[in-house]
Amino acid sequence: MIDILKEVLEAEKRIREHIRETPLEYSPFLSKKEDTNVYLKLENFQVTGSFKIRGVLNKLLSLSEEEKRKGLVTASSGNHGVAFAYATSFLGLRGIVFLPENASPAKVQDIGQYGVEIRFYGNDVVKTEEFARKFAEKNGMIYVPPYNDPKIIGGQGTIALELERQLENIDVVLAPVGGGGLISGIAGYLKEKTKNIEVIGVQPENSAVMYHSIEKGKIVEMESKPTLADGTAGGVEKDSITFELCRRYVDDFILVNENKIAKAIVLMLERHHMLIEGAAALPVAAYLKELERFRGRNIVLVISGCRISLDTLRKVLGC
């Protein structure tokens, strides 16, 4: 088991000058619902539009000069890919991003704007990730995983360190879960500092692999259905360290359906005038689903990113 506290504190020193301390905004509308105090941790305002830059920068800045010269490889058609492309460009490093052949042109454009090399393999993100990892090993390059790495987790955990500075009393934190890097960092740091905070992971019903894995006591392989929360969709690597971290530190999971995710996206647009992606809407949807559970408590909802396609937005708005 990795030392989360140590990883987060080291990450803070490495990346602080390169990232934003994102706002923690009080939500009057959501707080009125059940006499709660609801705060939004706005990672949609982070560099590259999501929390992912924290982990990627921490990983890259922790490499030796010799390792950096070998070249870097990753696989992601979403926020991790964009963060990797930005970070390699910013640091002047050579990087390759592998994408599935069916990646949307909009995502390809997002990643390509930073000048990183893009290659395509397969039609499934899990297969693309497997190929990219093997490609890196075969060519003596460094693979930068989306979540299954202590430095990635430590970087994401700097969110918790900011929360500690921004809000004196936190009762509950709700965060989206895909591979588990984000919530492992947040929960691990907070639980090592205080045992009184409840940390809850949120997943879409259509792709709740981590939830079902923890229920079964092992990482399971299962088919994911399409979901608006595509940033959390897909499987969990069979040896991922995030599985044990989630088992140890995450108190509970809430699953939400596609209708609730869509309503949460619209609510954030109407009430907070913010455009957020489906994965970022998960904590909002979960809070609204179980209002009575949170009555009278200080709640933090981690709004993980802003990247939503126009096609998806039209669908959600019914245009």
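For every chain, the first residue of the written sequence is number 1, and numbering continues from 1 onward in sequence order. Per-residue local features of the predicted model are confined to residues with pLDDT of at least 70, and side-chain atom pairs are confined, for both listing and counting, to 80 or more; whole-chain, interface and lining totals are unaffected and use all residues. Where side-chain values are given, they derive from all heavy atoms of the structure, hydrogens and water being excluded.

**So, the packing of helix H13 (residues 258–271) against helix H14 (residues 278–289)**
Here an angle of 0 to 180 degrees is reported between the N-to-C directions of two axes, which are lines fitted to C-alpha atoms, with helices fitted over the stretch in contact. We count a stretch as a helix when DSSP gives it H or I for four or more residues in a row; a strand needs E for two or more, and each element gets its number in order from the N terminus. Relative to each other, H13 and H14 sit at 100°, their axes nearing to 8 Å. Taken together, H13 and H14 sit at an angle that is classed as roughly perpendicular. On H14, the residues touching Lys260, Ile261, Ala264, Ile265, Leu267 and Met268 of H13 are Gly278, Ala281, Leu282, Val284, Ala285, Leu288 and Lys289. Split by residue class, the contact of H13 with H14 holds 10 nonpolar, one polar and two charged. Roughly parallel refers to an angle under 35 degrees, roughly antiparallel to one over 145, roughly perpendicular to one between 65 and 115, and oblique to any angle outside these ranges. Working rule for contacts: check all heavy atoms of both residues, and any pair within 4.5 Å makes them a contact. Residue type decides the class: Asp, Glu, Lys and Arg count as charged, Ala, Val, Leu, Ile, Met, Phe, Trp, Tyr, Cys and Pro as nonpolar, and the leftover types, Gly among them, as polar.

**Observations regarding the sheet that holds strand E9 (residues 252–256)**
Spatial ordering of the open sheet is given by E1-E2-E10-E7-E8-E9, a layout of six strands whose pairing is mixed. Single-partner strands in this sheet number two, and they are strand E1 (24–26) and E9. Sheet twist, expressed as the mean angle between neighbouring strand axes with direction ignored, is 25°. On the sheet, helix H10 (residues 181–193) packs against strand E7 (172–176), strand E8 (198–204) and strand E10 (298–303) and is oriented at approximately 170° with respect to E8. When DSSP finds two or more bridges between two strands, those strands count as paired.

**A closer look at the sheet that holds strand E5 (residues 117–120)**
What the four strands build is an open sheet, ordered E5-E4-E3-E6; its pairing is parallel. A single partner strand is all that each edge strand has here, and the edge strands are E5 and strand E6 (142–143). The pairing of strand E3 (residues 72–75) with E6 spans two bridges and is parallel. Note on E6: the bridge partner recorded for Leu72 is Ile142. Relative to E5, helix H6 (residues 105–112) is tilted by about 150°, and along the sheet it contacts strand E4 (95–99) and E5. Against the sheet, helix H7 (residues 125–138) contacts E3, E4, E5 and E6, and its axis sits at roughly 170° relative to E3.

**Focus: the packing of aromatic side chains**
Only Phe, Tyr and Trp rings take part, Trp by its six-membered ring, and two of them pair if their centres are within 6.5 Å. Stacked means planes under 30 degrees apart, edge-to-face means over 60, and tilted covers everything else. Scanning the model with the defined rule gives eight aromatic pairs in all. Considering the side-chain rings of Tyr86 and Tyr114, the 5.6 Å spacing of their centres and the 85° angle between planes classify their relative orientation as edge-to-face. One end of the pair, Tyr86, is in helix H5 (residues 79–91); the other, Tyr114, is in the loop between H6 and E5, with 28 residues separating them in the sequence. Relative accessibility thresholds used throughout: buried, under 20% of the residue-type maximum; exposed, over 50%; partly exposed, between the two (1.4 Å probe, protein chains only). In this structure Tyr114 comes out as partly exposed when scored by relative accessible area, which is 27%. Taken together, the ring pairs in this structure connect Phe98, Tyr121, Phe131 and Phe135 into an aromatic cluster.

**Focus on the pattern of salt bridges**
One speaks of a salt bridge when a side-chain nitrogen belonging to Lys or Arg is within 4 Å of a carboxyl oxygen belonging to Asp or Glu. One pass over the structure, following the stated rule, counts 25 salt bridges. Lys107 is the partner of Asp230 in a salt bridge, and the nearest nitrogen-oxygen pair spans 3.1 Å. Remark: Lys107 occurs in helix H6 and Asp230 occurs in the loop between helix H11 (209–216) and helix H12 (241–249); sequence separation between them is 123 residues. The salt bridge involving Arg247 is made with Glu244; its shortest N-O contact spans 3.1 Å. You can see Arg247 and its partner Glu244 sitting in helix H12, three residues apart, about one turn around the helix.

**Comments concerning the packing of helix H3 (residues 52–62) against H5**
One can describe the packing of H3 onto H5 by two numbers: an axis separation of 9 Å at closest approach and a directional angle of 45°. Classed by the angle they form, the pair H3 and H5 counts as oblique. Two packed elements cross with a definite hand, and for H3 against H5 that hand is right-handed. Side by side, H3 and H5 meet where Lys52, Ile53, Val56, Leu57, Leu60 and Leu61 of the first sit next to Asn79, His80, Ala83, Phe84, Tyr86, Ala87, Thr88 and Leu91 of the second. Counted by class, the contact of H3 with H5 contains 10 nonpolar, three polar and one charged residues. Should the near helix be turned counterclockwise from the far one by less than a right angle, the crossing is left-handed, whereas a clockwise turn marks it as right-handed.

**Some points on the environment of Lys52**
With respect to the helices and strands, the residue Lys52 is situated in helix H3. For the pair Lys52 and Arg248, spaced 196 residues apart in sequence, the C-alpha separation works out to 23 Å. Residues contacting Lys52, with those up to four places away along its chain left out, are Asn79, His80, Ala83, Pro146 and Gln156.

**Some remarks on unusual backbone geometry**
For Thr48, which is not a glycine, the phi torsion comes out positive at approximately 70°. Looking at where Thr48 falls in the secondary structure, it is placed in the loop between strand E2 (37–42) and H3. Its identity as a non-glycine residue notwithstanding, His273 has a phi of 55°, on the positive side. Residue position: His273 is located in the loop between H13 and H14. His273 gets classed as exposed once you look at its relative accessible area, which sits at 66%.

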